[in-house]
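Fold and contact review
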Amino acid sequence: MTGRHDDELFLRVHRLVTAQLDGDASQAEREELDSLVRESAAARRLFCDYMSETAQLRWRAGDVSSELLQDLLTEGTQPAWDMRVPLAAGILATLAVAAVLVIGLLPAILQPDSVQRTTTQTPPADRVSLGVATLTRLAGVQWTDEGESHSELSRLVQGDRLSFDAGEVEIVFDIGVDVVIRGPAQFEVRAIDRAYSGLGKITARVGKTGEGFVLETPAAKVVDLGTEFSVEVTATGSTDVAVFRGLVDLSVTGPHRGGSVEPRTPQRLRQGEALRVGMNGSFGRLMTISSDRFPSRAGDAAKGTAAPVIVDVRDNGDGDVKKFYRIVRAGLQEDSLAFVDRSHQWNGVDEVGIPEFLTGIEYVMPYNDDKFVERLEVCVDLGVPAVLYVFLSDDVPAPAWLTKDFVDTSVDIGLDETRTQYKPKHSTEDGPGRSVDTVFSVWRREVPEATTVTLGPIQAQRGRDGFNMYGIAAAPLTTGSVNEASASPGVSE
Amino acid sequence: MSLDDSKATFVRLLTQSERRVYGYILKMVVDWNDADEILQETNVRLWEEFDRFQPGTDFAAWAIRVAHYQVLTWRKRRDRSRLVFGKAAIEALAMEQATANTVEGSRQAALAECLKRLSAVNRDLLTRCYSGAGTIRDVAGTLGRSTEAVYKMLQRVRLSLHKCIEQRLVMEDA
């Protein structure tokens, strides 16, 4: 909107649309709007922007759909969810159920005025400006005595605080950012694209529309650049930030500014990187993050086991390194991510899939870039007697530390590699035996007591690019976990 | 995924994308009641077909495709003389959607910020005009003002809001 002509076009669109929405438009006005949209690209763009704004205003002022979702979730309308019948059940059955549902969900349209929803009444002033997020899930939440409680699908306005001692809350910000908070937590909604956490564990997924979302804590400010990340704010205010996908910018906001410690420059964290920000403004390394440390969305992978097999993983690397080892408690599955800093996936080498004895066991996502560290030592703390597995690429020779203590099971697992600078044409596919790029041999070692096992480096071949770090997995040691090769249908010759 | 997990996932995805879907439908039909009805039908269809949705792909884009077919179905049963747009305009608007997706989130955020800059009186006017409580004439009656006066006020507020949004989007790009 830069000039008089633009204003005139806007007002013309406004006049035609308002008449139409009020039911007052003449046939000539409808034809004028049709012609405008059809013949002028500029008018069409302006119309789309105008209607987008109109829809947002209507949504904010009228709660167009919150009642729909509420109905779908409440016991009284349970058939709404149960209506997801197989398509084979027939179109007639589907239409019949759909008709019942639509009638049930459209009280404002189909029912008498006396039972119409509140949107037909005079709305409270200012309501149009306030709602910025929707609370979509509560799981075992115990609200604090002094805090306000909220119900599922309630709208959250700027300044709303969520204080709870236990349980999980999931919020969807209107710009599409999905946030799961695990208590004890103190969380404040500050704007449509901004929140504050004084305590708690948080996982955020930010899509394209939500880039720029800001999460502030007593010690740090996290600016999301399109990603999935987790944050833990401790009672002292120190803040751990881990990035599982995409990028975030991390800066220091704590009270160090007036103290003796110099403020640190902001850090950009990439996939597979994490840092701890202390209240004195210092950055520290987070060596290991288990998958059950942070909350996950409903429907995502299952939580961890009661007695972890892999307790901790650490290396002898430089203390400034940002990358972390991720222990995946939910277990190895088809298409499980293999490394924290790549999107490669583990898969069965053929359609039979990942060998049964490996399926569902705990595994570690190391950094693929560890393959370059010549004197690498990776220490794996096992919490119980276990079988420790190492997956070594057939592209590299077996190192002495591996052949000395481990046995090659003759079982293989595949790596489905995503695009890299060395393999620009690669892409991943779902499921076993599809798009497997590199075969890894599965090596095993029985560890009869809880202890620490130290693994060494891999031996890169000179002049060869595109090789991979090894994988690590572990299962509790049982009498049945001895002879994988004969037990598994996934053995390749 | 259990049914409960499936429900929770669906609610989350729908909550994230429903207003964009609604915006798409309203743009196509320019009628409050019809847009509400098509949105409900679309939501029903989305849940029916949710087994076919591939996790990790763009739910909003999928939902808008479903909404598009619901709009076309609605047009077939609607009296042609009551339709605002002909086939050519509908196709042009559908094409426009592809480029609008990337800035939709920014536009929502900008609108939220710009609403805060409006006076309480102007926000109240927007609330009354877009809450579904009635027409401009009804709002004028409630406020004790003439229809023409309310219409002018609304026109001025909408233009001001739109300019504010555009300015914020330009600043964001700079």
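Residues numbered from 1 in each chain as written. Chains lettered and ligands numbered in written order. Predicted model: local features only at pLDDT ≥ 70, side-chain atom pairs only at ≥ 80, totals over all residues.

**Considering the overall build of chain A**
The helix and strand inventory of chain A stands at 10 helices and 25 strands. Scored against the burial criterion, the 493 residues of chain A give a buried share of 41%. (Helix = DSSP H or I, 4+ residues; strand = E, 2+ residues; numbered from the N terminus. Buried ≥ 20, exposed ≤ 12 C-beta atoms within 10 Å, placed from the backbone.)

**Here's the deal with the overall build of chain B**
Helix and strand content of chain B: seven helices and zero strands. Start at the N end of chain B and walk to the C end: the helices and strands fall as α-α-α-α-α-α-α. The buried share among the 174 residues of chain B stands at 47%. Long-range pairs, those at least 24 residues apart, make up 66% of the contacts in chain B with a sequence separation of at least 6. (Contact = placed C-beta atoms within 7 Å.)

**Some details on the sheet that holds strand 24 (residues 452-455) of chain A**
Residue and element names in this part refer to chain A. One open sheet holds the three strands; their spatial order is 15-20-24, and the pairing between them is antiparallel. The strands lining the two open edges of the sheet, one partner per strand, are strand 15 (310-315) and strand 24. Strand-to-strand twist in this sheet, taken as the mean axis angle between neighbours without regard to direction, amounts to 20°. (Pairing = 2+ DSSP bridges. Axes fitted to C-alpha atoms, helices over the stretch in contact; angles between N-to-C directions.)

**Things to note about the packing of helix 2 (residues 32-48) of chain B against helix 3 (residues 59-77) of chain B**
Residue and element names in this part refer to chain B. Where helix 2 meets helix 3, the axes come as close as 9 Å, and the angle between the chain directions of the two elements is 125°. Regarding the angle of helix 2 to helix 3, the classification is oblique. Between helix 2 and helix 3 the crossing geometry is right-handed. On helix 3, the residues that touch D34, I38, E41, T42, R45 and L46 of helix 2 are A63, V66, A67, Q70, V71 and W74. Here the contact of helix 2 with helix 3 is built from residues that sort into seven nonpolar, two polar and three charged. (Parallel < 35°, antiparallel > 145°, perpendicular 65-115°, else oblique. Left-handed = near helix turned anticlockwise from the far one by under 90°. Nonpolar A, V, L, I, M, F, W, Y, C, P; charged D, E, K, R; others polar.)

**Considerations on the sheet that holds strand 14 (residues 288-290) of chain A**
Residue and element names in this part refer to chain A. Strand order in the open sheet formed by nine strands is 14-16-19-25-21-23-22-18-17, and the pairing between neighbours is mixed. The open sheet has two edge strands, strand 14 and strand 17 (336-337), and neither has a second partner. Sheet analysis places strand 21 (residues 386-393) next to strand 23 (residues 438-447), joined by eight bridges and oriented antiparallel. Looking at strand 23, one finds that A386 is bridged to V447.

**Let's talk about unusual backbone geometry**
The peptide bond linking G183(A) to P184(A) adopts the cis configuration, its omega dihedral lying at 5°. By secondary structure assignment, the location of P184(A) is in strand 4 (residues 178-191). Phi is positive for S435(A), which is not a glycine, with a value near 65°. With respect to the secondary-structure elements, S435(A) resides in the loop between strand 22 (407-416) and strand 23. The exposure class of S435(A) is partly exposed, given the 17 C-beta atoms found within 10 Å. Here V30(B), not a glycine, exhibits a phi torsion of approximately 45°, which is positive.

**Side note on the environment of F294(A)**
Residues and elements named next belong to chain A. Relative to the helices and strands, F294 resides in the loop between strand 14 and strand 15. For F294, a count of 20 C-beta atoms within 10 Å corresponds to the buried category. Each C-alpha atom, one on F294 and one on S230, is 6.7 Å from the other, the two residues being 64 residues apart in sequence. With near-sequence residues (within four places) excluded, F294 lies in contact with K201, T203 and S230.

**Thoughts on the confidence of the model for chain A**
Residues and elements named next belong to chain A. Of the residues in chain A, 76% have a pLDDT of 70 or more, and the chain-wide mean is 78. Low confidence marks residues 75-129, where pLDDT is under 50. Its contacts with residues over four positions away, or in another chain, come to 76 contacts. Here residues 257-261 scores under 50 on pLDDT; set against residues more than four positions off or in separate chains, the count is six contacts. (pLDDT = per-residue confidence, 0-100.)

**Considerations on the environment of A89(B)**
Within the secondary structure, A89(B) is located in helix 4 (residues 87-117). Along the backbone, A89(B) and M28(B) are 61 residues apart, and their C-alpha atoms lie at a distance of 9.0 Å. Residue contacts for A89(B): discarding those within four places in its chain leaves D34(A), V37(A) and R38(A).

**A word on helix 5 (residues 120-130) of chain B**
Residue and element names in this part refer to chain B. Within helix 5, eight of the 11 residues are buried, which leaves it mostly tucked inside the rest of the structure. Every buried residue belonging to helix 5 is among N122, R123, L125, L126, T127, R128, C129 and Y130, and all of these are buried. Positive phi appears at G132, one or two residues downstream of helix 5, with a value of about 90°.

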